[in-house]
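Structural description and commentary
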Amino acid sequence: MQGGLRPPPDGHIRALKKYMKYTQKTKTQLIRKLNAPNPTLSQPEDSMAQDCSKPDQSCAIGYSFRDLINTEELQKMMDLLYDLTGFPIGIIDVDNNILVATGWQDICNKFHRIHPETRKKCFECDHYIAEHLTEGRYIEYKCKNGLWDIAQPVVIEGKHVATVFPGQFLYEDEKPDIAFFKGQAEKYGFDKDEYIAALRRLPVFSREIIKKIISFYVLLTNTLSKQGLASLKQLRELENRKKAEDTLRESEQKYRYLIENSEDGIYLFHKGRFEIFNHRFREILGLTSDELNDPEFNIMDVIAPKSKALVKERLTLLGQGKKPAHRFEFTAISKQGKEVELEASVSYFKYKDGMAAQGILRDVSQRKHIERQLAQSQKMESIGTLAGGIAHDFNNLLTVINGHAEISLMKLEKEHPAHKDAVSILHAGEKAADLTRQLLAFSRKQIYQTEIIKINEIISNMDKLMRRLIGEDINIETILSPKTPLIKADPGQLEQILMNLIINARDAVNEKTEFASEKKITIETGPAFLDETYATEHVGTKTGFHAVISVNDNGVGMNEEVKSKILEPFFTSLWYRKTKQCRHICLQRTGPGNDFQNLLARNRRRSNV
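Residues numbered from 1 in each chain as written. Predicted model: local features only at pLDDT ≥ 70, side-chain atom pairs only at ≥ 80, totals over all residues. Heavy atoms only, no water.

**Overview of the overall build of the protein chain**
The condition is simple: Helix and strand definitions follow DSSP, with helices as H or I runs of at least four residues and strands as E runs of at least two, each counted in order from the N terminus. The contact criterion used throughout is that any non-hydrogen atoms of two residues lie within 4.5 Å.
A count of helical and extended segments in the protein chain gives 20 helices and 18 strands. Sequence-distant contacts in the protein chain: of pairs separated by 6 or more residues, those separated by 24 or more amount to 64%.

Written out as structure tokens, the structure reads:
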């Protein structure tokens, strides 16, 4: 048997340098591996693969050795080395995946690892080597099939991840036992001539050459361990960066979802530009994203004249790096020309090369409208209190005047010249008393006294007062049915209910309509009969004949929320109390403006029908 080729002294070093030139992975390759699905580790039944649940597996570092080393370039380097030295080599990971195979001999590939019995001997050798490998040391082992192997572990972070196998070979000072190999061929059914020929092709080395080869592979193994560790750190860094990016992306998605679905307008303002804004912000101003992003857009264009000075002052302070007040109110003008009263809550922080403002914008137009209504109501209540006080004092005076007038009429004969004057005084006093009673009803100061009343007369007597109350620019029409039943109620209460409805109708008409010719309020009376079906569908309603008072206007009407609450006691408490005391129910029908129907139970003793 001829000995193997003797490698030149620096052949290994040149090969190693060539390998080092090719084995550095690019960042793109690492990212591709990082983004790829995690590889499933193959684990053949008969192999030296170990259970990945054990702590000393390649999966313990999170990656296989194939992920950390450029096996293609390593294969090129080993092929070159084999051409120089004739020395075979294999690199196998702990999951028995063959990563590099160069110069593997036919006696193993075509015979020993094919037959089940001889393959079993190969695996016994593999297991022995795997169990006895330690970091920094190699194992020299003669397998039960009669061939020499050398093994050197690749260790990363204390974990055995792969094994470098230089072999199979024979020592030149050991003559192979031909009889043993012929016996192998007979026992396992190998072609004897081919088997022995494969044996003779095995490389043969001196022990001195093997020691040099082992020194080289120790250096190679250490290099692979270092390079694998560097790649592992880089992969982990990329993985951590990817996790951080995913976390940041998820956080940004949540942040954007919260912003975009907020009921308030949210924005980020920097150097005269809105860099971030949500749907509600665009909706409040009536602008599109393109309009807000337009380089020609100027924030002052959407500010109402009365708020321009305030906003300009705040922008000046912000441009100087100062922090204006965190909360303020201003009026904007939407693209449609509608004034919108806004409340802004703003925080300030350093951003890019200056200061930025991040704000929450809330439309408070409705709240301001209600506040103004409340202030007006309080003012009217004060006026009502004053009017009530004056009316009481005036009523006391009228009592004296009317009393003296009645006494005078009792003493004077009709033919007496002063009798006619006394009658005029009494009539004027009675009319003045009616006016004071209306003032007391308006100021809510009167004492409730029920009596049989005619609704049409009440409305007719209030005509002048109602017209003064609503103004000359609103047309008021009365349609009083002569068949309207009598009711038993307090006149003052009924007058007050009508006054409330008239005032509400006036406000609704004025809010919607600009031209006097279009402003209209209609008061209508008539009879109605409520049956069992109606009473069942409207809680609190009683069956029978009722008198109907309807106050209709062509104003703005009510939204669905107000409609749903209009009969709640605590939503319109005073009106509710009045209607309950008069034993009637207020209903609102859909249509243009508002149409309130007051159904009052007919007096059962008397009726004008």
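Next, the rest of the story.
**Here's the deal with the pattern of salt bridges**
Here is the rule: Note on definitions: salt bridges are taken to be side-chain nitrogens of Lys or Arg within 4 Å of carboxyl oxygens of Asp or Glu. Exposure classes here rest on a 1.4 Å probe applied to the protein chains alone. A residue is buried below 20% of its type maximum, exposed above 50%, and partly exposed in between.
Counting across every chain of the model gives 32 salt bridges. When the shortest N-O distance is used, the salt bridge between Asp246 and Lys242 registers 3.3 Å. Within this pair, Asp246 and its partner Lys242 are both found in helix α9 (residues 207-260), separated by four residues, close to a single helical turn. Take Asp246: its relative accessible area is 30%, and that puts it in the partly exposed class. For Glu339, the salt bridge goes to Lys306, with nearest N and O atoms at 3.6 Å. Of this pair, Glu339 sits in strand β10 (residues 339-351) while Lys306 sits in helix α12 (residues 305-319), and the two are 33 residues apart along the sequence. According to the relative accessible area criterion, Lys306 is exposed, its value standing at 60%. Among the charged side chains, a network of salt bridges with common partners joins Arg327, Glu329, Glu343, Arg367, Lys368 and Glu371.

**Observations concerning the sheet that holds strand β8 (residues 273-277)**
We apply this condition: Here, strands pair whenever DSSP counts at least two bridges between them. Angular values range over 0 to 180 degrees, each being the angle between N-to-C directions of two axes fitted as lines to C-alpha atoms, with helices fitted over their stretch in contact.
If you trace the five strands from one edge of the open sheet to the other, you get β8-β7-β11-β10-β9, paired in antiparallel fashion. Two strands lie at the open edges of the sheet, namely β8 and β9 (327-333), each paired on one side alone. Each neighbouring strand pair of the sheet contributes to a mean axis angle of 35 degrees, computed without reference to strand direction. Inspection of the sheet shows strand β7 (residues 265-270) paired to strand β11 (residues 354-363) by six bridges, in the antiparallel sense. Pairing of His270 across the sheet is with Ala356, part of β11. In the packing of α12 onto the sheet, the strands contacted are β7, β9, β10 and β11, and the crossing angle to β9 comes to about 125 degrees.

**Concerning helix α4 (residues 71-85)**
Formally: For a helix, the expected span equals 1.5 Å multiplied by the residue count minus one.
In a regular helix each residue adds 1.5 Å, so 15 residues correspond to 21 Å; α4 covers 20 Å between its end C-alpha atoms and thus fits that length. Taken as a whole, α4 has its buried residues at Thr71, Glu73, Leu74, Gln75, Met77, Met78, Leu81 and Thr85. Count one or two residues on from α4 and you reach Gly86, which has phi positive near 75 degrees.

**Let's talk about a nonpolar patch on the surface**
What counts, and what does not: Patches in this entry comprise residues that are over 30% relatively accessible and not in a salt bridge; like charges within 9 Å are linked, as are nonpolar side chains (Val, Leu, Ile, Met, Phe, Trp, Tyr) within 5 Å. The method behind every accessible area is Shrake-Rupley, applied with a 1.4 Å probe, and residues are considered shielded solely by the protein chains displayed.
Side chains of Leu386, Ile390, Phe394, Leu397, Ile401 and Ile425 sit close together on the surface and give an oily, nonpolar patch of about 580 Å² of accessible area. Per-element tally for the nonpolar patch: the top contributor is helix α13 (residues 365-411), with five residues. The topology assignment puts Leu397 in helix α13. When its relative accessible area of 52% is taken as the criterion, Leu397 is described as exposed.

**Description of helix α8 (residues 192-200)**
An α-helical segment advances 3.6 residues per turn. Residues three or four places apart therefore align on the same side. Applicable threshold: What the arc describes is the spread of directions from the helix axis to the C-beta atoms. Think of a polar contact as two N or O atoms within 3.5 Å of one another; within protein, one of them needs to be a possible hydrogen donor and the other a possible acceptor, and neighboring residues in sequence only count if both atoms come from side chains.
If you check which residues of α8 are buried, you get Tyr195, Ile196, Ala198 and Leu199. Within α8, the buried residues cover an arc of 155 degrees as seen down the axis, which keeps them to one side. Opposite the buried face of α8, by more than 90 degrees, sit the exposed residues Asp193 and Glu194. Sitting at the amino-terminal end of α8 is Asp191, which places a side-chain oxygen 3.2 Å from the backbone nitrogen of Asp193.

**As for the packing of aromatic side chains**
Note the cut-off: Each aromatic pair joins two rings of Phe, Tyr and Trp (for Trp, the six-membered one) with centres within 6.5 Å, and gets the label stacked for planes under 30 degrees apart, edge-to-face for over 60, and tilted for any other angle. The criterion for a charge sitting over a ring is simple: Lys NZ or Arg CZ within 6 Å of the ring centre, and within 35 degrees of the ring normal.
Inspection of the entire model under this criterion finds 23 aromatic pairs. For the pair Phe87 and Phe169, a centre-to-centre distance of 5.7 Å together with 40 degrees between the ring planes defines the contact as tilted. Highlighted residues: Phe87 in the loop between α4 and β1 (89-93) and Phe169 in strand β5 (residues 159-171), separated in sequence by 82 residues. Grouping residues by exposure puts Phe87 and Phe169 together as buried. Between Phe274 and Phe297 the ring centres are 6.2 Å apart and the planes differ by 55 degrees, which places this aromatic pair in the tilted class. One end of the pair, Phe274, is in strand β8; the other, Phe297, is in the loop between α11 (289-293) and α12, and 23 residues separate them in sequence. Its relative accessible area of 6% is what places Phe274 among the buried residues. Against the face of Tyr171 rests Arg207, its NZ or CZ located 3.8 Å from the ring centre. Residue placement shows Arg314 over the ring face of Phe328; its charged tip is 3.7 Å from the ring centre.

**Some remarks on the pairing of strand β2 (residues 98-102)**
Pairing of β1 with β2 involves four bridges; the strand directions are antiparallel. Of the residues in β2, the one forming a bridge with Ile89 is Thr102. Here β1 hands over to β2 after four residues, with Asn96 in that stretch at a positive phi of 70 degrees.

**Quick notes on the nonpolar core**
Our working rule: Throughout, nonpolar core names a set of buried Ala, Val, Leu, Ile, Met, Phe, Trp, Tyr and Cys residues whose side chains join them through atoms within 4.5 Å.
Counting residues in each nonpolar core, the largest one holds 34 residues, and the members touching the most others are Phe65, Met78, Ile210, Tyr217 and Leu224. Sequence-distant contacts of Ile210, defined by excluding residues within four places in its chain, comprise Phe87, Ile150, Phe169, Tyr171 and Phe205. Listed in part, the 27 residues of the second largest apolar core include Phe274, Leu285, Phe297 and Phe328.

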